[in-house]
Amino acid sequence: MVRFPFRRATLERTLWTVIVWFLFGLFVLGPLATVFAFSFTSSVLSGTGTFTLKWYGQLFSQPGLYGPLIRSFEIAVIVVVFQLMFGTIIAYSTVRAKIFGAKTLDTLSNITIAVPSVVVGLSLLSFYGPFGPFAAITQFLFGNPLSLTWTLWILVFAHVIETFPYMVRSMAAVLVKLDAHLESAARSLGANRLHVFLTITLPQLKPGLVAGSVLVLSRSIAEFGATIIVVSAVLKTAPIAIFTQAEAGSLELASAYSVVLMLVSFVAYLLMSRWLLKGETNA
Amino acid sequence: MRSKAFSIAVLVLSVGLVVSLTDLYKVQQGTLIVYTTPALQSLLESLVVPLFQRETGIGVTLVYVSAGEQYTRLRMSGGHPEADLFLHASPLFLEKGSSEGFFLPFQITRNASVPPNFERAPVWYAFAWSPLAEVYNPALGAPPDLAFLNTTFGFPHPLLSNNGIYSVMFFENVSAAAGARALAHTVVQPVNARSNILGVVDGTFQVTLGYEGVTLFYKSQGARVAFDLPLLGGRRFLTPVVFSAGVVKGHPNPRALDFINFLFRDEIQSNISRFYFRAVLPGFPDPAGGITLPAPGMVVLNYDWSRWSSLESALPKYVVGG
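Read on for a plain summary of the structure. (Residues numbered from 1 in each chain as written. Chains lettered and ligands numbered in written order. Predicted model: local features only at pLDDT ≥ 70, side-chain atom pairs only at ≥ 80, totals over all residues.)

This next bit is on the packing of helix α6 (residues 117–128) of chain A against helix α8 (residues 152–177) of chain A. Residue and element names in this part refer to chain A. One can describe the packing of α6 onto α8 by two numbers: an axis separation of 10 Å at closest approach and a directional angle of 140°. Relative to α8, the element α6 lies oblique. Two packed elements cross with a definite hand, and for α6 against α8 that hand is right-handed. Across the interface between the two elements, S117, V120, G121, L124 and Y128 of α6 pack against I154, F157, A158, I161 and E162 of α8. Its residues assigned to classes, the contact of α6 with α8 shows seven nonpolar, two polar and one charged. (Axes fitted to C-alpha atoms, helices over the stretch in contact; angles between N-to-C directions. Helix = DSSP H or I, 4+ residues; strand = E, 2+ residues; numbered from the N terminus. Parallel < 35°, antiparallel > 145°, perpendicular 65-115°, else oblique. Left-handed = near helix turned anticlockwise from the far one by under 90°. Contact = placed C-beta atoms within 7 Å. Nonpolar A, V, L, I, M, F, W, Y, C, P; charged D, E, K, R; others polar.)

Structure (structure tokens):
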């Protein structure tokens, strides 16, 4: 009788491991690794490309090429700051302050996860554009129609709407668990509302603020669907630049962009989460 | 919450916010925006823009979207356009936009030197040109006669790309029947001149009508394609693809016209062939490896762009399934 050196359970585990890693490689790691490889290839089209660093050289030497990377991070920073205020207010209003329509607002705050991002872009362009209600209202109020088309603000609004659920959900999750008795105790001891918020509430919100900021930052840097509808040419972000380069047939340059974006996003993610959470445990 | 890390994070975010807003505003205010085509990418990014920026200190942003899309973008701006200039492979949208009040009349400083078929002052001036070429898979041996086309064709999208506009112009003026035949053999409609040539390179289709300049660009990168002047009914046709410039009405940057004049300088015109296009001003070299002109027996098609509306009305019938 033949004796197998491994038990059946080990064999099954090994087989399962191979299948799962094969599928993960096929759908996730493989495509990402191909982008990585293309970024170091002299010419993908020729099929006989050699190793080169020239695409990275071009990317970091020409302002027109590295500009979109900078734009992406600048816009993401603005969006994070905006969300820290706006997202927190909405989450606080729905979970703690229980304003009228809190449940509806809570449900609606997830709407942009369900709505395609390109629809968000179009709706912003329609609302804030020269032919939309915003222009009509400003015309009525100030005698001059105001249009936000191709401005920085419509782009920021698009990113805020797209990232909105991530901040609200992160904050709401923390707010639900918040111990309200601590605040009541502080108030009963004579602390005013602001003092209670700064010294009792805010410290407990920290995990939500950190998690929400990281998610908003990553999502904003990667945002494409709404951005391509509302973005002005000079404010072109990195995902749009990748799309443009790929469309123009510069697969190698588009790949170099992608690799840089992946690396920088990943490092930002690690730094922000680890550093801040480490700070919290040390505090 | 009084932890050092949190204070630093607040400081970093505050500084980041101020720096970001300042930089983004600066970029928005001081940049010349040019709506153009991917076909001109190398020429503009490697030659024109670096020289212009070095001389004037003005940042230039090039926007590569299809001409139709850019025109729509211009119309959507409601009198507050984002773009200063249009540099495109066909004057159709410049003609149309001019008649609809979206472009300004202008005159370049070297207008007297531009040959008549490369301008329609004061609406547009061409600064470079390239012959429309029949681009095909070298395995076919010779360029197929388009009158008897019997293989897959890539008819560029006429509503999204200037390459499509030139293809329609060619067939409408030479043989609408051959155009219908080409459309019947079309498997994919590329949306710009670059993706059009790439369709032949990657084998999506065997034949297309593209620009000599774009084909030469890809051949220099190792792409395996062949090209010649389009052959139809046994005759070869020279159709100049005119890369033309127009000034957007209400454009935000006051140096827009300087950029156009810059395109006609000797240091630009003399180097255009390095980027596989042909200079419009006489006396400058043609691109290496390009079609030798004049070709024996060729017929020249110089389109009168003032007839743009009749050409535009013919475009939709060349959309597959349209």
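Let us keep going from here.
Moving on, we get to the interface of chain B and chain A. Facing 37 residues of chain B, the contacting portion of chain A comprises 33 residues. Among the elements that line the side of chain B that touches chain A, the one with the most residues is helix α1 (residues 4–29) of chain B, at 13 residues. Split by residue class, the side of chain B that touches chain A holds 18 nonpolar, 14 polar and five charged.

So, on to the sheet that holds strand β10 (residues 231–232) of chain B. All names here are of chain B. Pairing is mixed across the open sheet formed by three strands, whose spatial order is β10-β11-β14. The open sheet has two edge strands, β10 and β14 (299–300), and neither has a second partner. Where strand β11 (residues 235–238) lies against β14, two bridges are found, and the strand directions are parallel. By the bridge assignment, F237 is partnered in β14 with V299. (Pairing = 2+ DSSP bridges.)

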